[in-house]
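Coordinate analysis (summary)
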Amino acid sequence: MSVVELKLSHHAYRIVIEPGLLGKLGELVHAVAPHRSAAIIADASLTETYQPTVVASLEQAKYEVLSTSMPAGENHKNLDTMRHLYDALLSSHQERNSPIIALGGGVVGDTAGFVAASYLRGVPFIQCPTTLLAMVDASVGGKVGVNLPQGKNLIGAFHQPHLVVIDTDTLGSLPPRELRGGLAECVKHGIIRDESLFAWLEENVGRILALESEALVELVQRNVQIKATVVMADEKESGQRAHLNFGHTFGHAIEATQKYTDQGSHHHGEAVSLGMVAATHLAVTAGRCDASVLDRLVGLLDQIGLPTSAGNLAPTDQLLGVMRLDKKVSDGQIRLVLPDQMGQVSIVNDQPDSAIEAAWEKVRS
Ligand code: GLY
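Residues numbered from 1 in each chain as written. Predicted model: local features only at pLDDT ≥ 70, side-chain atom pairs only at ≥ 80, totals over all residues. Heavy atoms only, no water.

This brings us to the site of the ligand. Around the ligand sit D137, K143, K227, E237, R241 and L244, and those are all the residues in its vicinity. The separation between a nitrogen atom of the ligand and a polar side-chain atom of D137 is 3.0 Å. Between the ligand and K227, the relevant distance is 2.7 Å, taken from an oxygen atom to a side-chain nitrogen or oxygen of the residue. When the ligand is considered free in solution it has 200 Å² of accessible area, and contact with the protein chains removes 84% of it. When its residues are assigned to classes, the shell around the ligand shows one nonpolar, no polar and five charged. (Near = heavy atom within 4 Å. Polar contact = N/O pair within 3.5 Å; in protein donor to acceptor, adjacent residues only side chain to side chain. Areas by Shrake-Rupley, 256 points an atom, 1.4 Å probe, with all protein chains shown as cover. Nonpolar A, V, L, I, M, F, W, Y, C, P; charged D, E, K, R; others polar.)

In structure tokens form, the structure reads like this:
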């Protein structure tokens, strides 16, 4: 079993990674959150597949199990879903020490995590991510929350899990488009922190896309280690944790405006892919970084099958308008994470609108 340890000043937890680990969930949870009962909040599409395995394993470890689910779409990550989950927890008498276990992708993890942060002022929380995106990003680091009609992730908390259990076998049933989307975050980790991870991805994309078990474990382990190291250095995002937003300020503008376009929409990872390319174009044009970084980035994203240019983006003034409303704006300046070289980025807020507009034009095909 691969283990990554995340140590914070008031809390420490392990992220454990192995194929088939969901079958051992009961004993793993019992070691960190022993109690009479436990509640599972699962992605509703997993009720026939992984949820029964998880229930059986918890029952074997002598938990009375409340097994609930929620639909996994982003539009269900809201207060209505939370109210429904609180009702289920109360009716089955879940207590202060009953763990809540999230089984699914980022939407389920964020919602279940916010329920765990707030139910009875906070109960133990276990993450079992089943998508690559959730494994290498959302399930590690304690950011939980839901959307409001006014925008995404506008309410939430930092509620660190007691344990993260990653069964890499679940990647086998992930739609290929979602696997590629998760890889966008792995490419991001290479650019912001680890040139050797980037080079490893360049060499191993084929094995990963072919779902070779050893390659998947190494992929997840290396990326979780980077995420954990960044979170350990800056738990509440007062500094370098913002480096994880590389590609995301541009990417969120794509996601937020695509309702205005009439063509197919971009998934999160695809928007981040385009966002990383736009940010790197900007960095190269501004003389902040060598063009070889852009060439390697575009080359790797192409190999993965992620977009590096798009014809169906909203007009640039709309994209820029959304960037100005983003949470990452401070004092009216758009804050961007730009590469300095492979494996290193900086946060800048001095780029003129004309440079940001030019970067958008570079990714428009
Ligand atoms: N997903 C970005 C972060 O956890 O900070």
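Don't stop here, the text continues.
With that out of the way, let us pick up the pairing of strand β9 (residues 163–166). Burial along β9 is two-sided: the residues L163 and V165 and V164 and I166 are all buried. Pairing geometry for strand β2 (residues 12–17) and β9, over four bridges, is parallel. Bridge assignment links R14 to a residue of β9, and that residue is L163. Of the pairings in the sheet, the one linking strand β6 (residues 125–129) to β9 comprises two bridges and is parallel in character. From the neighbouring strand, I126 faces β9, where its bridge partner is L163. (Buried < 20%, exposed > 50% of the residue type's maximum accessible area, 1.4 Å probe, protein only. Helix = DSSP H or I, 4+ residues; strand = E, 2+ residues; numbered from the N terminus. Pairing = 2+ DSSP bridges.)

The residue T308 is located in the loop between α11 (291–304) and α12 (316–325) in this model. Leaving out residues up to four positions away in the same chain, T308 has contacts with L274, V277, V298, L301, D302 and V363. (Contact = heavy atoms within 4.5 Å.)

Moving on, we come to the sheet that holds β6. Sheet strands line up and pair through hydrogen bonds in the backbone, either parallel or antiparallel. Spatial ordering of the open sheet is given by β1-β2-β9-β6-β5-β3-β4, a layout of seven strands whose pairing is mixed. Edge positions in the open sheet fall to β1 (2–7) and β4 (64–70), since each of these has one partner strand only. Across the sheet, the mean angle separating the axes of adjacent strands is 15° when strand polarity is ignored. Both strand β3 (residues 37–43) and strand β5 (residues 100–104) contribute to a ladder of four bridges, which runs parallel. By the bridge assignment for β5, I41 is matched with A102. Running at roughly 170° to β5, helix α4 (residues 106–118) makes contact with β3, β4, β5 and β6 of the sheet. (Axes fitted to C-alpha atoms, helices over the stretch in contact; angles between N-to-C directions.)

Next up on the list: α4. Over its 13 residues, α4 extends 18 Å from the first C-alpha to the last, a length consistent with the 18 Å expected when each residue adds 1.5 Å. The element α4 is extensively covered by neighbouring structure, given that eleven of its 13 residues are classed as buried. Looking only at α4, the buried set comprises V107, V108, G109, D110, T111, A112, G113, F114, V115, A116 and A117. Note on α4: the residue one or two positions beyond its end, L120, has a positive phi of about 50°. (Expected span 1.5 Å × (residues − 1).)

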